Amino acid sequence: MEQMTEKRKMLVIAKPGSAYLELLSEIAGRVDYTVAWSAEDAAALAPEAELILTGVGAPAAYAQAAVEKADKLIWLHSLSAGVDHLSATRLNGSGIPVTNAKGAFSKSLGEYAVAGMLFFAKDLNRMRESQFAGRWDQFDVEMLEGKTLGVLGYGDIGKESAKRAKAFGMRILAMRRRSASSDPEGIADEVWSLDRKLELMAASDYVLLAMPQTPETVGIVGEAELRAMKPTGVILNLGRGNAIRETALIQALQENWIRGAVLDVFEKEPLPAGHVFYSMKNLLMSAHTADHTSTWQQDSMRIFLENFRRFEAGLELLNPVDLSVGY
């Protein structure tokens, strides 16, 4: 890419006044940017934009509307990791670089994965119930050490989770779309291809889903996969809500096919009031906030700022996305 000689025009799709936008002051002398927070405004402002920055939590329709009108666009960066909503736009196959925030949230999600496993291993739910009931309740707890964590989707989130689980002495079985016989980083004990999915479900004490959303990952875990798990098994989903068939998961939890589940993402968000998940004692759930540290938005913006520096210098951009596969 050529060196910048004048200010680039950038469209920022974000809620006006968001604190993380203050970091754009670091490049204020090199870009002229406008902020849009509706599909109509995004489409109206897009024709002059050379760069598009899609903000944290920006609705898919806003970015889609902007992309279709951005005839001068030469680069789009997403402050979120998910970019599957752009696969159906003209960007797919256009050659215009698309980058994302991969890695910004992985460490916090890795910690949450361990927290979810400990929640069940130590039966923290029972401890709290006994405490509030004023009951001196002694019982045996489990160790994570020696247990097996199966990871479906061995990308940044999967690796950060596996790294932390490994520190507890767990065995790691990793599964990835692009098969490989080993893990160059030495975290996973074994790396399997997708044709061994049921085998991984059966061999694991805990199963973590950490996949991007693609046509192949929608419903990748359903009744057959849940029935293959150990009755003592726990499934965790920190990737995309539609990776699990929720009707099958509800049945699995109600009928105790498995011990429990940890969910941070759901097929429909926000989860509707009165949903059965809210009342399930064998489910630990969070409202898609497992990666919301005090600096999560700023951390994501830092990746963009580093990429902008690279863009100016004509260097390779971080986190390039292949929209043909969705990540």
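Here, the structure is the one placed above.
So, a few notes on the structure that sits alongside this text. Just so you know, these numbers come straight off a predicted model, no measurement behind them.

**A short note on the pairing of strand 4 (residues 75–78)**
So, point 1. Side-chain alternation along strand 4 places W75 and H77 on one buried face and L76 and S78 on a second face that is also buried.
So, point 2. Relative to strand 4, strand 3 (residues 51–54) runs parallel, the two sharing 4 bridges. Across the sheet, the residue bridging to T54 is S78, located in strand 4.
So, point 3. The parallel pair strand 3 and strand 4 is bridged by helix 2 (residues 60–69), and the resulting crossover is right-handed.
So, point 4. Taken together, the 2 bridges between strand 4 and strand 5 (residues 98–99) define a ladder with parallel strand orientation. Following the sheet pairing, L76 is matched in strand 5 by V98.

**Describing the pattern of salt bridges**
So, point 1. Counted by the stated rule, this structure contains 19 salt bridges.
So, point 2. Put simply, E50 and R8 hold a salt bridge, and the shortest N to O gap is 2.8 Å. Taken as a pair, E50 in the loop between helix 1 (39–45) and strand 3 and R8 in strand 1 (residues 8–13) lie far apart in primary sequence, 42 residues in all.
So, point 3. Owing to a relative accessible area of 18%, E50 belongs among the buried residues under this scheme.

**Points about the sheet that holds strand 12 (residues 283–285)**
So, point 1. Across the sheet, which stays open at both edges, the 7 strands sit in the order 8-7-6-9-10-11-12 with parallel pairing between neighbours. The sheet is open, and its two edges are formed by strand 8 (190–192) and strand 12, each paired on a single side. Neighbour-to-neighbour, the strand axes of this sheet turn through a mean angle of 15°, independent of strand direction.
So, point 2. The sheet contact formed by strand 6 (residues 148–152) and strand 9 (residues 206–209) spans 4 bridges and is parallel. Paired with G150 across the bridge in strand 9 is V207.
So, point 3. The strands that helix 3 (residues 106–121) touches are strand 6, strand 9, strand 10 (234–237), strand 11 (260–263) and strand 12; relative to strand 11, the one it contacts most, it runs at about 155°.

**Describing the nonpolar core**
So, point 1. Of all hydrophobic cores here, the largest spans 53 residues; its most connected members are L24, M117, L149, Y206, M301 and F304.
So, point 2. For this core, the element with the most residues is helix 3, which contributes 8 residues.
So, point 3. Apart from residues lying up to four places away in sequence, Y206 is in contact with M117, A121, E142, L144, K147, T148, L149, G150, M170, V234 and L236.

**Topic: the sheet that holds strand 4**
So, point 1. The strand order 2-1-3-4-5 describes an open sheet built from 5 strands, whose pairing is parallel. Because the sheet does not close on itself, it has two edges, and the strands there are strand 2 (31–36) and strand 5.
So, point 2. As defined by bridge partners, strand 1 adjoins strand 3 across 4 bridges and the pair is classed as parallel. Bridging from a neighbouring strand, V12 pairs with L53 of strand 3.
So, point 3. The strands touched by helix 2 within the sheet are strand 1, strand 3 and strand 4, with strand 1 carrying the most contacts at an inclination of about 150°.

**Focus on the pairing of strand 1**
So, point 1. Of all the 6 residues making up strand 1, 5 are buried; the element is thus mostly covered by neighbouring parts of the structure.
So, point 2. As defined by bridge partners, strand 1 adjoins strand 2 across 6 bridges and the pair is classed as parallel. Residue pairing across strands places I13 opposite A36, the latter belonging to strand 2.

**Quick word on unusual backbone geometry**
So, point 1. In this chain, E269 is followed by P270 through a cis amide linkage whose omega measures -5°.
So, point 2. Residue placement: P270 occurs in the loop between strand 11 and strand 12.
So, point 3. The phi torsion at D123 lies on the positive side, around 50°, for a residue other than glycine.
So, point 4. For D123, the location among the structural elements is in the loop between helix 3 and helix 4 (124–132).
So, point 5. The exposure class of D123 is partly exposed, given its relative accessible area of 24%.
So, point 6. One non-glycine residue, N256, adopts positive backbone phi at about 60°.
So, point 7. Within the fold, N256 resides in the loop between helix 8 (246–254) and strand 11.
So, point 8. Residue N256 is classed as exposed on the basis of its relative accessible area of 52%.

The rules behind the values
- Residues numbered from 1 in each chain as written.
- Predicted model: local features only at pLDDT ≥ 70, side-chain atom pairs only at ≥ 80, totals over all residues.
- Heavy atoms only, no water.
- Buried < 20%, exposed > 50% of the residue type's maximum accessible area, 1.4 Å probe, protein only.
- Helix = DSSP H or I, 4+ residues; strand = E, 2+ residues; numbered from the N terminus.
- Pairing = 2+ DSSP bridges.
- Right-handed = clockwise from strand over helix to strand, strands pointing away.
- Salt bridge = Lys/Arg side-chain N within 4 Å of Asp/Glu carboxyl O.
- Axes fitted to C-alpha atoms, helices over the stretch in contact; angles between N-to-C directions.
- Contact = heavy atoms within 4.5 Å.
- Core = buried A, V, L, I, M, F, W, Y, C linked by side-chain atoms within 4.5 Å.

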